[in-house]
Amino acid sequence: MRSLHSRQTPHMRLRPLSLALVVMLSTTAFAVPTFNNTATTPNRAVGANVTQTLTLTPTAPNMPAVMAQAQTETVTISGTVTDGDTFSITLPGTATTITTTVAAGDTPASMATELYDLIVAHADYISNTTYQVTDNTSGVLTFTATTPGTSFAMSFPADAASISTNSSTASIDGAEMQANVPAVPAQSQIDTLTIGGSVDIGDVYSIDLPGSGTVSFTATTTSTADVAAGLNAAIQADSGVPYATQDYTTSVTGSDIVFTAKSAGTGWTLGATGSTNATAVAQVNTLTPASIMAGNTFAVTLNGTTYTFVATTTSATDVVNGLIAAIPSTTVTPTLNTGTLVLTANTPGTAFTAVAAAVDVATAAQSTLTVGTSSLITAGSTSAILTLKDASSTSLFNVSASGATITSNSSSCTVGTPTRSTTDGTVTATITAVSPGSCIIGATLNGSTAVTATQAITVTAANTTITGGTGTIDGTGTITGSASVTVTAGSSVDVSANGASGSTLTIDASTKPVSVNLGGSTPSVSVSTGSSGVVLKVSTTSGGQNVVGLSQGSATLSSGSSGAILSVGGSGESPIVITSGSTGSAITATANSGGTTTVAVVSGTVTTPHTCGSRPAIPATPPTGSRSSTWNTYFSSVKVYQRELLAYSLCIAQLPSVNLQRSLISDRANMLTSSTLMLFKGETITYDSAGNEIGVTLADGGAGVAQTLSAIPTGMTLESIPVSIDGNPARLNGSYLGTEIVTTLSKELGIKLTRSANTPIGGMVMTAPDGTRIAGVPVGQLMVAPGVPNGLQSNGRMRVVVRGAVTELAPSLVSPSNFAAQLMAVDSQATGMVTADGLIKATVGGAKYVVRPAWTATPSTLNGFSYDSAGRLIHGDGSVQQTLYPAFANIDVVAATLSTIIGASVPAVDVDGSVTTTIGNVSYKLRAGYMLVNTPEAHAADTWWQDGSTFYINNQDGTAQSFSVE
């Protein structure tokens, strides 16, 4: 065992440094090096004698006499007494309660007197000797201790329960006028002055006497008793205030001077000090290196700074001279004295700290490495132990702070966190087999110098064959029959056999992926589970290729080359297969509640068949007179229907025209080979339980994520934050989506548009050459639908398609900040809310309005609100003006209401906010009024009604809106 020797003195504490490892190869064996540090001469400052003491102890404090005080308690009756009121007192120290009752003519004073008469006549009072009671005839009874300093058993407010009354107009209250105070005799003060420690001749001892000043005595011997006698003589001989007139007398007992008061209760204050005439002494430390071998490091830490020298020979003189060269002479002078380093303080009385350490050397050739086995199966583990030894093959002691570690040259084996011993010079780590192969287990002394000893480990796969039923694969396994199998993290499973179809693979949550071999032309698929694990289902395509689908949980699946990566749907028929691109891809799949599956592309590209399913069915209309809650449920289902219809329309719009006609005629979706869709990184597709596509969205490269809006105008709120079109999604291969949208719109409109900065509410603004501005805000998520056309849609939005990336824009305010300011200029409490569809719902003066901004704003000097010749509201910001059309507050309610009319078509929203529908062969235009009104109670159950020539629609939220029919 290695140890460093140090000796402590009262002035200097030496501690061994933690053993470090200095890597150096050596073939000469020596004993463990030492570096002894001895404080030869302790430091002592000028005039300082740290062992001299002069202690003043208050043996007995001065205490004047205290006179006894008689306890006094009062009981007071006050207020208005009425017939039948009672007043009670429990006599002190007894259970006896005295009670009196009010009669006609009584007063608080008379009731107190009646209580007094009853008390003094009672035997318990007559026999007591601790208190007396008196009556002041004004309603107050006074209880006073018979003997001052002796208490009786009544004390207020603690004994408030001893008095009581049932009166609601009068009260009986207790109060303590004087607490009991026992007599205390006076005590004489005694102080003891003790001379302690060691005394040097010439030391001065002083004491401050009351009224006189300082009296001193200089030691003539080294005896503390002589100092006590000499100082006492000086005290009694003091002429400042003659000793005879002081309030104390003094006496000497050994090394103590005792001050005793002449009279009890008379006190004083003393003060004592001491000093020495000792001279300063320079501190000297000697440090001796021994058992030296080349490569040893010798270190001296001087006042916190470490200076080192690495021995190149076995000479102590060489080591000392090397350290002398390294140590500066600013605070100490280092010198050589026959193989010993002498450190002498430059200034006597100024101390320094010195710590010496000798560091042993671990060698690569002598250190050993022991591994528990030379072969492992995957997921198996063993221990590796590195024993650090010096050139003499002696194990090092403490390696807890060393950089020594255990290594593996291959990913087939992993090395756990090393444990470094503080007792036997070992470093231990766990070796875990990860994958088949071989690995060399080695070690380094300091992270770079390799230990000579190594150990080879061969890793083989743990193979399990499961023919059916249930089982577990931990390592490598093959499934040849339909089975329910648990697969541990990091395992490889082969499901390429025909009989494996129908098997389920349950994989627990883990950071280690599972490799699934599907066979045929499909490469292995790597499956990384989510936080809750995953269940996969093996099925077979019509071409005989086995694929895996997601039954439960969430997982990331990746493949390094082209081939099937995941199947979806396919219950009772061939599944829908998602195929990775030629360079491989990764996807994240999630099995949702309700049987839907969401697949997001993480990297690369994937290809999936277009499977549009059947056209969504229109929800059934509730019976006339249904409750509003029933209608609200119906309106919600219509909203879902509209969303599903949009996804269906986008899907079939991408199919070849022959299949489109087939879809319209038969409303079928069995078009698995009719068309395919390529998805890029950041795109997400959702399938229903049958594998039909129910929506594809895009969020990548900054596009498709919520915008960051930090300057929404005061008074305005947003129902939802619009997504960003400013990004570079992978689908566009480096192109900027926002720029591409402007280019596409320019082509569609036949004019050159220039884009400005987005508005504070997230709208994009484009300017035509004549100064006309176009403002549109992205609505909903960015979608993916290659092949669908651009143009205005029946929902009133503009669809812009850029290489399959679909953005839907709703008209938006060109100048929302000015709009909000002008609105609040009309009414300081006005508010404006931008809906998810781009409508503006404003409240001004308590009235509610709904407007739809025009797509364009034309140059104008109008600044504020006005009306055009047709009576439509206009807003201007001083540079352009924009028409604000009246719009239906809830188009889903309009659609649901029209669906109750036999033969009515799905409504289409026009650019001016009106709605067009066809009933039979007749086309109708519904034009909303600007204002919302409270729904009359008589029409609360109606979906719509007519009042004279005006029609109203019930928004089912407590409001209704007028509209005209053209």
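Everything numeric here is computed off the predicted structure, so don't read it as measured data. Each chain has its residues counted from 1, running along the sequence as written. Reporting in this predicted model follows two pLDDT cut-offs: at least 70 for local features of residues, and 80 or more for side-chain atom pairs to be given and counted; totals over whole chains, interfaces and linings ignore these cut-offs and use all residues. Water and hydrogen atoms play no part in the side-chain values, which are based on all heavy atoms of the structure.

Digging into the pattern of salt bridges
Next, step 1: Salt bridges, as used here, are contacts in which a Lys or Arg side-chain nitrogen is within 4 Å of a carboxyl oxygen on Asp or Glu. This structure, assessed with the given rule, holds 10 salt bridges.
Next, step 2: A salt bridge links arginine 797 to aspartate 837, with the nearest nitrogen and oxygen atoms 2.7 Å apart. You can see arginine 797 sitting in the loop between β51 (791–792) and β52 (798–802) and its partner aspartate 837 sitting in the loop between β54 (831–834) and β55 (840–844), a full 40 residues away along the chain.
Next, step 3: For each residue, the accessible area found with a 1.4 Å probe, counting protein chains only, is set against the maximum for its type, and the residue is called buried under 20%, exposed over 50%, and partly exposed in between. Arginine 797 sits in the buried class, given a relative accessible area of 18%.
Next, step 4: Aspartate 837 sits in the partly exposed class, given a relative accessible area of 35%.
Next, step 5: For arginine 927, the salt bridge identified is with glutamate 966, shortest N-O distance 3.1 Å. Within this pair, whereas arginine 927 is found in strand β62 (residues 922–934), its partner glutamate 966 is found in the segment after β65 (959–965), the two being separated by 39 residues in sequence.
Next, step 6: Connected via shared salt-bridge partners are Arg797, Glu808 and Asp837. The way it works is that DSSP assigns letters per residue, a run of H or I at least four long becomes a helix, a run of E at least two long becomes a strand, and they are numbered from the N terminus.

Description of the confidence of the model for the chain
Next, step 1: Here the chain shows a mean pLDDT of 83. Residues at 70 or above account for 87%.
Next, step 2: Low pLDDT (under 50) marks residues 1–30, which in the prediction has 83 contacts with non-local residues, meaning those over four places away or in another chain. The pLDDT value expresses, per residue, how confident the predictor is, ranging between 0 and 100. Contact between two residues is taken to exist if any of their heavy atoms lie within 4.5 Å; hydrogens are not considered.

Observations regarding the pairing of strand β28 (residues 426–433)
Next, step 1: Paired strands, in this sense, are two strands between which DSSP finds at least two bridges. Sheet topology note: the strand β24 (residues 381–387)/β28 ladder contains seven bridges and is antiparallel. Counterpart to threonine 387 in the pairing with β28 is threonine 426.
Next, step 2: In this structure, strand β26 (residues 413–415) lies alongside β28, joined through three bridges in antiparallel fashion. Note on β28: the bridge partner recorded for valine 415 is isoleucine 431.

Concerning unusual backbone geometry
Next, step 1: Note the cis peptide between phenylalanine 156 and proline 157, where omega equals 10°.
Next, step 2: Mapped onto the fold, proline 157 is located in the loop between β7 (140–145) and β8 (163–165).
Next, step 3: The phi angle at threonine 137 is positive, at roughly 60°, despite the residue not being glycine.
Next, step 4: Relative to the assigned elements, threonine 137 resides in the loop between β6 (131–135) and β7.
Next, step 5: Even without being glycine, threonine 338 reaches a positive phi, approximately 50°.
Next, step 6: Looking at the secondary structure, you find threonine 338 in the loop between β19 (332–336) and β20 (341–345).

Points about the environment of leucine 709
Next, step 1: For leucine 709, the location among the structural elements is in the loop between β45 (693–698) and β46 (716–718).
Next, step 2: Residues leucine 709 and glycine 762, 53 residues apart in the sequence, show an inter-C-alpha distance of 7.0 Å.
Next, step 3: Sequence-distant contacts of leucine 709, that is, excluding residues within four places in its chain, are made with Leu718, Ile721, Pro722, Pro760, Ile761 and Gly762.

Quick word on helix α8 (residues 816–826)
Next, step 1: Listed in full, the buried residues belonging to α8 are Pro816, Asn818, Phe819, Ala820, Gln822 and Leu823.
Next, step 2: Looking at the buried residues of α8, the elements they touch are β46, β54, β55, β57 (863–867), β58 (873–877) and β59 (880–886).

Comments concerning the pairing of β24
Put simply, side chains in a regular strand alternate between the two faces of the sheet.
Next, step 1: The sheet contact formed by strand β22 (residues 368–371) and β24 spans four bridges and is antiparallel. Bridge pairing links threonine 368 to threonine 387 in β24.

A word on the sheet that holds strand β21 (residues 354–359)
Next, step 1: Across the sheet, three strands lie side by side as β18-β17-β21; this open sheet has antiparallel pairing. Looking at strand neighbours, the two that pair on one side only are β18 (305–310) and β21, the edges of this open sheet. Strand-to-strand twist in this sheet, taken as the mean axis angle between neighbours without regard to direction, amounts to 15°.
Next, step 2: Working convention: axes come from line fits to C-alpha atoms, limited for helices to the stretch in contact. Angles between N-to-C directions cover 0 to 180 degrees. Strands in contact with helix α4 (residues 316–326) are β17 (297–302) and β18; relative to β18, the strand with the most contacts, it is inclined by about 140°.

Some thoughts on a nonpolar patch on the surface
Next, step 1: Together, Met63, Val66 and Val184 make up an exposed nonpolar region whose accessible area comes to about 200 Å².
Next, step 2: If you trace the backbone, valine 66 turns up in the loop between β2 (52–60) and β3 (72–79).
Next, step 3: Assessed through its relative accessible area of 37%, valine 66 is described here as partly exposed. A patch consists of residues whose relative accessible area exceeds 30% and which take part in no salt bridge; residues with like charges are grouped when within 9 Å of each other, and nonpolar side chains (Val, Leu, Ile, Met, Phe, Trp, Tyr) when within 5 Å. For accessible areas, the Shrake-Rupley method is used with a probe of radius 1.4 Å. Any residue's cover is judged against the shown protein chains and nothing else.

Focus: the packing of aromatic side chains
Next, step 1: In this analysis, rings of Phe, Tyr and Trp, with Trp reduced to its six-membered ring, are considered paired at centre separations within 6.5 Å, and the interplanar angle assigns stacked below 30 degrees, edge-to-face beyond 60, and tilted for intermediate values. Within this structure, the stated rule accounts for nine aromatic pairs.
Next, step 2: Measuring from centroid to centroid gives 5.6 Å for phenylalanine 951 and phenylalanine 963, while their planes differ by 25°, and the two rings are stacked. Taken together, the residues span a long stretch of sequence, with phenylalanine 951 in strand β64 (residues 950–954) and phenylalanine 963 in strand β65 at a distance of 12 residues.
Next, step 3: Among the residues examined, phenylalanine 951 registers a relative accessible area of 17% and is labelled buried.
Next, step 4: Judged by its relative accessible area of 10%, phenylalanine 963 is buried.
Next, step 5: Members of the aromatic cluster, joined through ring pairs, are Tyr125, Tyr131, Phe143 and Phe152.

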